[in-house]
Amino acid sequence: MPMFQPSKRNGVVAAGFDGSGDGQVLDLETAVKDGVLGGGVIGAAVGEKLDLKKIIEELDLPEIPSVFICPISLEPMQDPVTLCTGQTYERSNILKWFNLGHYTCPTTMQELWDDSITPNRTLYHLIYTWFSQKYSLMKKRSEDVQGRVSEFLETLKKVKGQARIQALKELKQVVAAHATARKMVVDKGGVSVISSLLGPFTSHAVGSEAIGILVNLELDSESKNNLMQPTKISLMVDMLNEGSLETKINCTRLMEKFMEEKEFRSESISSHRLLIGLMRLVKDKRHSNGILHGLSFLRSICLHKQVRSLIVSIGAVSQLVELLPALEPDCLELALFILDILSSLPEGKVALKDCANTIPNMVRLLMRVSESCTQYALSILWSVCKLDPEECSSVALEAGLAAKLLLVIQSGCNPVLKQRSAELLKLCSLNYTDTIFISKCKLTRTIQ
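From a predicted model like this one, the values you see are computed outputs, not experimental measurements. (Residues numbered from 1 in each chain as written. Predicted model: local features only at pLDDT ≥ 70, side-chain atom pairs only at ≥ 80, totals over all residues. Heavy atoms only, no water.)

*Asks:* Can you help me understand the nonpolar core in this one?
*Replies:* Note on soluble globular proteins: their nonpolar side chains tend to be buried together. Within the largest apolar cluster, 106 residues are counted, with the highest numbers of intra-cluster contacts made by Leu171, Leu295, Ile301 and Leu424. Those residues in contact with isoleucine 301 that lie beyond four places of it in its chain are Met259, Ile269, Leu274, Leu275, Leu278, Val307 and Ile311. Leu59, Leu123, Leu126 and Ile127 belong to the second-largest nonpolar core, a separate cluster that totals 24 residues. (Core = buried A, V, L, I, M, F, W, Y, C linked by side-chain atoms within 4.5 Å. Buried < 20%, exposed > 50% of the residue type's maximum accessible area, 1.4 Å probe, protein only. Contact = heavy atoms within 4.5 Å.)

*Asks:* Honestly, the packing of aromatic side chains in this entry has me stumped. Any pointers?
*Replies:* For any two aromatic rings, the description comes down to two numbers: the centre-to-centre distance and the angle of the planes. One pass over the structure, following the stated rule, counts five aromatic pairs. Their ring planes at 70° and their centres at 5.6 Å tell us that phenylalanine 68 and tryptophan 130 sit as a pair that is edge-to-face. A residue pair is termed long-range when its members are at least 10 positions apart, and phenylalanine 68 in the loop between α2 (52-59) and β1 (80-82) and tryptophan 130 in helix α4 (residues 121-158) qualify at 62 residues. Residue phenylalanine 68 is classed as buried on the basis of its relative accessible area of 0%. An aromatic cluster is defined as three or more aromatic residues linked by ring pairs; in this entry it consists of Phe68, Trp130 and Phe131. Directly above the aromatic system of phenylalanine 337 lies the positively charged group of arginine 299, at a separation of 4.2 Å from the ring centroid. (Phe/Tyr/Trp six-rings, centres within 6.5 Å; stacked < 30°, edge-to-face > 60°. Helix = DSSP H or I, 4+ residues; strand = E, 2+ residues; numbered from the N terminus. Lys NZ or Arg CZ within 6 Å of the ring centre and 35° of its normal.)

*Asks:* I keep staring at the environment of histidine 304 and nothing clicks. Help me out?
*Replies:* As for its placement among the helices and strands, histidine 304 is situated in the loop between α13 (288-302) and α14 (305-313). Sequence-distant contacts of histidine 304, defined by excluding residues within four places in its chain, comprise Met259, Phe264, Ser266 and Ile269.

*Asks:* I tried to follow the pattern of salt bridges on my own but got confused; where do I start?
*Replies:* Close approach of charged atoms allows side chains with opposite charge to pair. Counted by the stated rule, this structure contains twelve salt bridges. With its nearest N and O atoms 3.0 Å apart, the salt bridge here joins lysine 172 to glutamate 209. A residue pair is termed long-range when its members are at least 10 positions apart, and lysine 172 in helix α5 (residues 161-177) and glutamate 209 in helix α8 (residues 204-214) qualify at 37 residues. Taking relative accessible area as the criterion, lysine 172 reaches 17% and is therefore assigned buried. Since its relative accessible area comes to 9%, glutamate 209 is described here as buried. Between glutamate 391 and lysine 353 there is a salt bridge, with the nearest N and O atoms lying 3.5 Å from each other. Note that glutamate 391 is positioned in helix α20 (residues 389-398) and lysine 353 in helix α17 (residues 346-354), a separation of 38 residues in sequence. On the accessibility criterion, glutamate 391 (44% relative accessible area) is partly exposed. Lysine 353 gets classed as partly exposed once you look at its relative accessible area, which sits at 26%. (Salt bridge = Lys/Arg side-chain N within 4 Å of Asp/Glu carboxyl O.)

*Asks:* Help me out: how do you make sense of the side chain of threonine 358 in this one?
*Replies:* Note that threonine 358 resides in helix α18 (residues 358-365). Residue threonine 358 is classed as buried on the basis of its relative accessible area, which comes to 1%. A distance of 2.7 Å separates a polar side-chain atom of threonine 358 from the backbone oxygen of leucine 352. In this structure threonine 358 touches Val321, Leu352, Ile380 and Val384, once residues within four positions along its chain are discounted. (Polar contact = N/O pair within 3.5 Å; in protein donor to acceptor, adjacent residues only side chain to side chain.)

Shown next, in the form of structure tokens:
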């Protein structure tokens, strides 16, 4: 086998750093100066010797120059060593490779004519310098962010009107962009400062910015309980009905956080105005993000039994049924979960039965999206057909239910679903002779 001879340029051997295995030579100093590695200058001063492992872990950067990545672990190298083939690896990774009995280069799969490994000091220096510069920049930005947060919080205590709105807007931008800022707001008592701005006489301009900040923070129980005051909830409900899409979504997200607390009382969400505003958000087909957050909040509300009848009373059942065909899978599962819970109520069953598209839509969803969706659809169909077996069975069979149920029974899905499908099929057959039932099943129909 011919020996592999790595090329040299300016005295630096660095073949194949791009991981392509083609022996391509990369002059690292030139690469940095030319911007191949995303900028930085070799030999940049770093005030103190930093631990490279700690730096890499703290930075957790999404994009790292490919020449810094070990081809074995796909992680940044901290102790790069080069083989006789010119390929470079993290020392610990290549030693593990050798210990497994491999005497080849992992990238090129060439047999090694020399099993020695050489520390790649040039690449180590580049890695250390690049990460150190990023780390120093991050620390500087963090200090700048902390200073800005403190300044904004002090400003909010003093100003009113347009100046307050502007300070809130700028703080919201900083909080959205920096984890350091979010922590700083909490640590400096910023949550109580911002919460104090919410009340019966708060303008929507101030309220929307304040809620946009609060929703991105880690709130403790005390903060959540403070925000659950009736006047603050009332303001959020108003903005859920009248605010921008972003404000509506933030209101749903924030109120949903409150429901995680043990002290949460369902009276806080037992409001026609809240539920109507929520359904408006869910029905706005122009904004799928709003639909998802709206359904998520409605799902959380449905877990409180005291509110379920109120949800049915505002016509939510028929509205959700009509939305089903247009929903994305994640939204569809939420909507079906809600309808399944509401079908446990007598008035929920009636609302489902009275909606002309309930049975056709549920039949269509069987074995369509996920096993969970099939489970919810079967449960809803069972509730409706039990309410009026004769009328509902006829509609269900006409919609192709029998073929879908047989498909579920023959599939590899959960045995509980198979059992429920068999029971539903039996329920639908009670009012017919065998011959008539088989004719109504339309088993030759192609399952759409």
